[in-house]
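So you can see what is in the structure, the chains are spelled out below.
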Amino acid sequence: AQSVTQLGSHVSVSEGALVLLRCNYSSSVPPYLFWYVQYPNQGLQLLLKYTSAATLVKGINGFEAEFKKSETSFHLTKPSAHMSDAAEYFCAVKEGSNYKLTFGKGTLLTVNP
Amino acid sequence: NAGVTQTPKFQVLKTGQSMTLQCAQDMNHEYMSWYRQDPGMGLRLIHYSVGAGITDQGEVPNGYNVSRSTTEDFPLRLLSAAPSQTSVYFCASSPPGLSADTQYFGPGTRLTVL
């Protein structure tokens, strides 16, 4: 069965600082992994996804994530935080033969001026 | 394309009332699903459908009913609303194929049950 653990329900950074949001997954088969972002009172928008083509995945708005099989991790990073990055971020896993996405509980990112 | 649309955006119900949350997509996606989002819980799958006439239960199906008579529409019915069903509901769809296809989300319906 697939599952996702996001470490830290709330992360606070200063504007211009590194953003690191942690995600660990469990899957019985090679997974597909996703990061979604949710801005206040909006739906979810895809940031990036891992499809086994490359372990380092670049997404929108300067975010990237690295798939590390040995660590079962898919952490999201951004070199320099911007005020507009303040949102909730969700990591999700999908097993190849299964339509269903399993989400982590989310990490709320706060960016301080 | 309008993408995934949901109506209504907001709804207040009394305990015991029934209602239907509407979801439609115009992308010819075979897979559609309903999630509920609660603080600190992430998104939990309620029901999903892999095509017209085919539905199945997700993680938290109790108190909800679905049907899929067309590719475009996937309504979610609350049979007898309870305060525990106060939540934000999201509908999502994705293209056919068992791969890393992106799920596209609607804007959500915020439901309060008194």
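Now for a look at the structure at hand. This structure is a prediction, so every number in the text was calculated from the model and none was measured.

What about the overall build of chain A?
Point 1. The helix and strand tally for chain A stands at zero helices and eleven strands.
Point 2. Traced from its N-terminal end to its C-terminal end, chain A shows the element sequence β-β-β-β-β-β-β-β-β-β-β.
Point 3. By the burial criterion, 45% of the 113 residues in chain A qualify as buried.
Point 4. When the accessible surface of chain A is summed, it comes to about 5300 Å², and 52% of that surface belongs to carbon and sulfur atoms.
Point 5. Within chain A, the 7 negative side-chain charges are centred at a point lying 8 Å from the centre of the 9 positive side-chain charges.

A look at the nonpolar core
Point 1. Among the nonpolar cores identified, the biggest contains 27 residues, and Trp 35, Leu 47, Leu 48, Phe 74, Leu 76 and Tyr 89 of chain A are the most heavily contacted of them.
Point 2. Sorting the residues of this core by element identifies β2 (10-14), β3 (19-26), β4 (31-38), β5 (44-50), β7 (64-68), β8 (73-78), β9 (87-95) and β11 (107-112) of chain A as the ones contributing at least two each.
Point 3. Ile 46, Val 66, Leu 76 and Tyr 89 of chain B belong to the second-largest nonpolar core, a separate cluster that totals 19 residues.

So, the pattern of salt bridges
Residues and elements named next belong to chain B.
Point 1. Taken as a whole and judged by the stated rule, the model has four salt bridges over all chains.
Point 2. Between Arg 36 and Asp 38 there is a salt bridge whose closest N-O contact spans 2.9 Å. A single burial state applies to Arg 36 and to Asp 38, both of which are buried.
Point 3. The closest approach of N and O atoms between Arg 44 and Asp 38, which form a salt bridge, is 2.8 Å.

As for the pairing of β5 of chain A
Residues and elements named next belong to chain A.
Point 1. Bridge count for β4 against β5 is six bridges, and the pairing is antiparallel. Looking at the pairing, Trp 35 lines up with Leu 48 of β5.
Point 2. As consecutive antiparallel partners, β4 and β5 are separated by five residues, and within that stretch Asn 41 has a phi angle of approximately 60 degrees, a positive value.

A look at the interface of chain A and chain B
Point 1. On the chain B side, the residues contacting the 22 residues of chain A number 25 residues.
Point 2. For the pair chain A and chain B, the summed buried area comes to about 1900 Å², and 58% of that belongs to carbon and sulfur atoms.
Point 3. Linking chain A with chain B are four residue pairs in polar contact (both at pLDDT 80 or more).
Point 4. If you list the elements that add at least two residues to the side of chain A that touches chain B, you get β4, β5 and β9 of chain A.
Point 5. Counting residues per element, the side of chain A that touches chain B draws most heavily on β4 of chain A, at four residues.
Point 6. Split into classes, the residues belonging to the side of chain A that touches chain B amount to nine nonpolar, eight polar and five charged.

Points about the state of the cysteines
Point 1. Applying the stated criterion to the full structure yields two disulfides over all chains.
Point 2. One disulfide bridge connects Cys 23 of chain A with Cys 91 of chain A, the sulfur atoms lying 2.0 Å from each other. Note on the Cys 23 of chain A and Cys 91 of chain A pair: the S-S dihedral is about -65 degrees, so by sign convention the disulfide is left-handed. One end of the pair, Cys 23 of chain A, is in strand β3; the other, Cys 91 of chain A, is in strand β9, and 68 residues separate them in sequence.
Point 3. Given a relative accessible area of 0%, Cys 23 of chain A falls into the buried group.
Point 4. Take Cys 91 of chain A: its relative accessible area is 0%, and that puts it in the buried class.
Point 5. Each sulfur in the disulfide pair Cys 23 of chain B and Cys 91 of chain B lies 1.8 Å from the other. On the sign convention where negative is left-handed, the bridge of Cys 23 of chain B and Cys 91 of chain B, at about -70 degrees about the S-S bond, is left-handed.

Quick look at the environment of Phe 10 of chain B
Point 1. Along the chain, the position of Phe 10 of chain B falls in strand β2 (residues 10-13).
Point 2. Taking relative accessible area as the criterion, Phe 10 of chain B reaches 61% and is therefore assigned exposed.

Description of the sheet that holds strand β6 (residues 56-58) of chain A
All names here are of chain A.
Point 1. The antiparallel open sheet is built from five strands, whose spatial order is β1-β3-β8-β7-β6. Each edge of the sheet is formed by a strand with only one pairing partner; in this case those strands are β1 (3-7) and β6. Strand-to-strand twist of the sheet, defined as the mean angle between neighbouring strand axes without regard to direction, takes the value 20 degrees.
Point 2. The pairing of β3 with β8 spans four bridges and is classified as antiparallel. In the strand pairing of β8, Val 19 is matched with Lys 78.

What counts and what doesn't
Here, residues in each chain are numbered from 1, in the same order as that chain's written sequence. Here chains are named by letter from A upward and ligands by number from 1 upward, in the order in which they appear as written. Thresholds applied to this predicted model are a pLDDT of at least 70 for local features of residues and 80 or more for the giving and counting of side-chain atom pairs; totals over whole chains, interfaces and linings are not thresholded and use all residues. Working from all heavy atoms in the structure, the side-chain values ignore hydrogens and water. Only DSSP runs of H or I covering at least 4 residues are called helices, and only runs of E covering at least 2 are called strands; the numbering of each starts at the N terminus. For the exposure calls, accessible area comes from a 1.4 Å probe over protein chains only, and a residue counts as buried if that area is under 20% of its type's maximum, exposed if over 50%, partly exposed in between. Surface accessibility follows the Shrake-Rupley procedure with a 1.4 Å probe radius. Residue values consider only the protein chains on display as shielding. Counted as positive: Lys and Arg. Counted as negative: Asp and Glu. His and the chain ends are not counted at all. Where a charge sits is defined by one atom per residue type, namely NZ (Lys), CZ (Arg), CG (Asp) or CD (Glu). Residues belong to one nonpolar core when they are buried, are Ala, Val, Leu, Ile, Met, Phe, Trp, Tyr or Cys, and are joined through side-chain atoms within 4.5 Å. Each salt bridge in this description consists of a side-chain nitrogen of Lys or Arg and a carboxyl oxygen of Asp or Glu lying within 4 Å of one another. Should DSSP find at least two bridges between two strands, the strands are taken to pair. What makes two residues a contact is simply this: any of their non-hydrogen atoms within 4.5 Å. Defined here as a combined quantity, buried area equals the accessible surface (1.4 Å probe) lost by two parts on assembly, summed across both. What qualifies as a polar contact is a pair of N or O atoms within 3.5 Å, subject to a donor-acceptor requirement within protein and to the restriction that residues adjacent in sequence count only when both atoms come from side chains. For this classification, Asp, Glu, Lys and Arg are treated as charged, while Ala, Val, Leu, Ile, Met, Phe, Trp, Tyr, Cys and Pro are nonpolar and the rest, including Gly, are polar. Cysteine sulfur pairs qualify as disulfides if the two atoms are within 2.5 Å. Axis lines are fitted to C-alpha atoms, over the contacting stretch for helices. Their N-to-C directions set the angle, which ranges from 0 to 180 degrees.

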